[in-house]
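Here is how the chains run, residue by residue.
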Amino acid sequence: MIRAASSFLAAWLAAAPLASQVRYEDILAAPGEDWLTFMGDYSANRHSPLREIDKSNVANLVAKWVYHVPQATALSSYPIVHDGVMYVTNSNEMHALEAATGRPIWVYLHPGVEMQRTNRGAAILGERIYFVTSDCQLVALNRITGAAIFARRYANPDDGYFCSVAPVAIKDRLIVGVSGGDSGIRGFLAAHSAESGEQLWKLWTIPGEGEFGADTWGPKTLPWGGAGTWMPGSYDPDLNWIFWPTGNPWPDLYGGDRPGDNLYSDSVIAVDLETGEMQWYFQFTPHDVWDWDAQEPPLLLELEIGGQMRRVVVQANRNGFYYVLDRLTGEFIRGNAFVDKLTWASGLDPHGRPKKIPGMEPSPDGKVVCPTMWGAANWMADSYNPDTGLHYVMTMEACDIYTSSAREPIPKIGFAGTGAERQSRLDGQFVIRAFDPATGRRVWEYPLTGPTASWAGTLSTAGGILFSGDDDKHLIALDAVTGKHLWHFNVGQTVNASPITWARNGKQYVTIVAQTDVFTFGLFSPARSSVAPEGLHER
Amino acid sequence: MKVLSALFLIAAASAEVPPGPGMQAKGGAPGRFIGDPMAIEAGKESYGLVCSGCHGVTGEGGRGPNLVTAPGVQKASDQELFGVIKDGIPGSDMPPSPLDEERIWQLAAFVRSLSAPAISQNVPGDRDAGRMLFYGDAGCTNCHMIRGEGGYLGPDLSNLGLTLSLGRIREGLLDPNNRFAKGFDPVVVTLTDGTRIEGVAKNYSNYALQILDRAGRLHFLASDDAAAIEFLVDSWMPADYPHTLSGDEIQNMLAFLSRLSLSSDATPREGAPQ
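The text that follows walks through the structure, step by step, so that each part is easy to find.

1. Considerations on the overall build of chain A
- What chain A contains, in helices and strands, is two helices and 40 strands.
- Here chain A has a C-alpha radius of gyration of 23 Å; the compact-globule value for 539 residues is 24 Å, and the two agree.
- In terms of its C-alpha atoms, chain A occupies a principal-axis envelope of roughly 80 × 65 × 45 Å.
- For chain A, restricting intrachain contacts to residue pairs at least 6 apart in sequence, the fraction spanning at least 24 positions comes to 60%.
- In the structure as shown, chain A presents an accessible area of about 18,900 Å², 50% of it carried by carbon and sulfur atoms.
- Measuring between centres, the 42 positive side-chain charges of chain A sit 3 Å from its 59 negative side-chain charges.

2. What to know about the sheet that holds strand β4 (residues 196-204) of chain B
Residue and element names in this part refer to chain B.
- Read across the sheet, five strands follow the order β6-β5-β4-β3-β7 without closing on themselves; strand pairing throughout is antiparallel. The sheet terminates laterally at β6 (218-222) and β7 (226-231), the two strands that pair on one side only. Averaged over neighbouring strand pairs, the angle between their axes works out to 40 degrees when direction is ignored.

3. With respect to the state of the cysteines
Residue and element names in this part refer to chain A.
- With the rule as written, the count across this model stands at two disulfides over all chains.
- What pairs with C136 in a disulfide is C163, and their sulfur atoms sit 2.2 Å apart. Across the disulfide from C136 to C163, rotation about the S-S bond amounts to roughly 95 degrees, and the bridge is consequently right-handed. Here C136, found in the loop between β8 (128-132) and β9 (137-142), pairs with C163, found in the loop between β10 (148-153) and β11 (168-170); they are 27 residues apart in sequence, far enough to count as distant.
- Taking the relative accessible area as the measure of exposure, C163 reaches 0% and is therefore buried.
- A sulfur-sulfur distance of 2.0 Å marks the disulfide that ties C370 to C399. Taking the sign of the torsion about the S-S bond as the criterion, the disulfide between C370 and C399, at about 90 degrees, is right-handed. Taken together, the residues span a long stretch of sequence, with C370 in the loop between β27 (367-369) and β28 (383-385) and C399 in the loop between β29 (390-397) and β30 (400-402) at a distance of 29 residues.

4. So, helix α8 (residues 166-174) of chain B
- The complete set of buried residues in α8(B) reads L166(B), I169(B), E171(B) and L173(B).
- Looking at the buried residues of α8(B), the elements they touch are α5 (101-115), α7 (160-163), α9 (241-244) and α10 (247-257) of chain B.

5. Overview of the sheet that holds strand β40 (residues 517-523) of chain A
All names here are of chain A.
- With antiparallel pairing, four strands are arranged side by side in an open sheet as β2-β40-β39-β38. Across the chains shown, the open sheet's two edge strands, defined by having one partner strand only, are β2 (61-68) and β38 (500-504). Adjacent strand axes in the sheet meet at a mean angle of 30 degrees when their direction is disregarded.
- Looking at chain direction, β2 and β40 are connected through seven bridges and run antiparallel. By the bridge assignment for β40, W65 is matched with T520.

Cut-offs and rules
Residues numbered from 1 in each chain as written. Chains lettered and ligands numbered in written order. Predicted model: local features only at pLDDT ≥ 70, side-chain atom pairs only at ≥ 80, totals over all residues. Heavy atoms only, no water. Helix = DSSP H or I, 4+ residues; strand = E, 2+ residues; numbered from the N terminus. Rg over C-alpha atoms; globule rule 2.2 N^0.38 Å. Contact = heavy atoms within 4.5 Å. Areas by Shrake-Rupley, 256 points an atom, 1.4 Å probe, with all protein chains shown as cover. Lys, Arg positive; Asp, Glu negative; His and termini not counted. Charge placed at Lys NZ, Arg CZ, Asp CG, Glu CD. Pairing = 2+ DSSP bridges. Axes fitted to C-alpha atoms, helices over the stretch in contact; angles between N-to-C directions. Disulfide = S-S within 2.5 Å. Buried < 20%, exposed > 50% of the residue type's maximum accessible area, 1.4 Å probe, protein only.

Now the structure itself:
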């Protein structure tokens, strides 16, 4: 009954798509002009080789465009940029923008998801762009059109999970994690096929009954111990291992029902990419009762320590201590307190285990402890500049009144064993600090004003600039060597994400996602006068 | 009832409604009517007589609210929908209905069909035959993708059954030039160097154009890169399917398209007529 399709349609069949493929090798070599993964690079260094913007001209940065994300309330997305297109996520949605103008190309809204939680970003591989929905579906889209390819559920919200992680694309797979640890879940990490979405392996971050580490819990808490995996980890291509941080044990503030160390909460775990087998773990805060998860970036660095070059994992942890670990074995090499306000431990022992000060646990009447529940550091991005040898960390100096309750722990109802609050609204301050990771020495610091309500982190560039969101609704630029202020811009919104940088047609740009909008900056150049083409208004 | 407050207006309450198809008594059970093509058709006829004056011929609003997109309509239970049509909304311009209960259920079935995802409608037809037609002679994958396979110039259809009503799908298939999906305006752009680009405008302004061509290339143009842009009256999609496809083929195609979904959770409404 049907005639052949129109001739021009038939001709189209012969036209092959020319979209450039993003290969694993491209991500391995990133960042360059593109920003291809959440951290910019697999080592979580967040250092860009771009240098058009430098100390001599950064004062000439101007806003190039603003994109408003409709319905957004607290965007936390780190964009991906490739081939002139920027990908920004919100809960259950992806926005593809022309990177140079901020004009939307397509918007994908995943249908049928009622749960709306924050989303931290996307992953790109091949011709596809990936993200997770709040109800834990890994979604693959055609990056040119936003066409849906698959949606694979990898965790069940009925079991307490929600999802916010930016997937990490490595070789043929995507690594994803789960949220919900503050209300009781059994945390896990999983790898899925980038092609089909099939699960390739799954690694629990809470042991099963009878397994190693199960005796570090109690019977009420082992099945629901938390240890979420919602922050993207780093990856060593030589070892073929990923290094992934884990969340706090549950109930967060009361440890009476989980008397041991509570493995593998508050840890970084080294995991074989191919098999999903855990190679080693290092737990920063055994038997945590302050909600100090380890979701801070695990940077992979090579440092000269004791006259030897060591391949290490570095983390400024939420508990206030700075750690350097051997990347191959997880052995503790060195550590030190990196904030001044730290009252729960007197230091670290030779194995890196904290020397806890008795009586600092939360209590029903409240106990003042430093750092805050927010942490001395948190999931805000760090960065490392190989030229300066400095590690840049958004730190917080503050204390909280921690309270606890021995109430029967019931999972999935939001019970966290109670919580923490600030003594006074004036008590607390973010401070951007530059550390020498080999020694832990504080080289410079830049205190911020604001309500201590930001999740902004740092970005390093070869132009010698440290970009960061601040706690007072600004994007700022500092001298990477000295910490001296060079430039700032008031975006008028709380900044809950960290900046990225990229280039197009030889021009460098800096982008930051704030509460409801995406802001992009570049060096000033006079606007080209514009002539609309003939026919533009004839529709 | 609260859910639907102020959503409906029924004007011309005294209009005479002739008998229509599917008018046999069915005992008032909503499952007998909702999703039933006969009931929907009968409801459509009643709608044209007593509702369209306020809610618009297509249900997309006028003096009264848009029944296609209103969240209150979409979230309301079948019984709530029936109740609002039957009793009206006191204190608003929405009067009680003069129709008998069976016709009200038919009307509810029609209103539900305006916005209900097609996947919930259990559209009759041979789905497999529709699939073969889609991937075969009809040439749909020249422009449309399903699960990442297909062309670039038409909207993605992977979640079509979840995101569009049956009415919209039918319109898209049989009358593609009636409206273009956002980001799919057909255009021909002539650059200042004479290069011609055929495709769809993903976006455009006085200052910049974002054009996707037939080969899947994105063209990012400053407005003065283009000498001329022509927005085409007709979609790139063939408009002759009403003539080239038989009635059965159209129904088979609708049966296939209406069930498209990435989600394994999405199943047709249980108990609905087949």
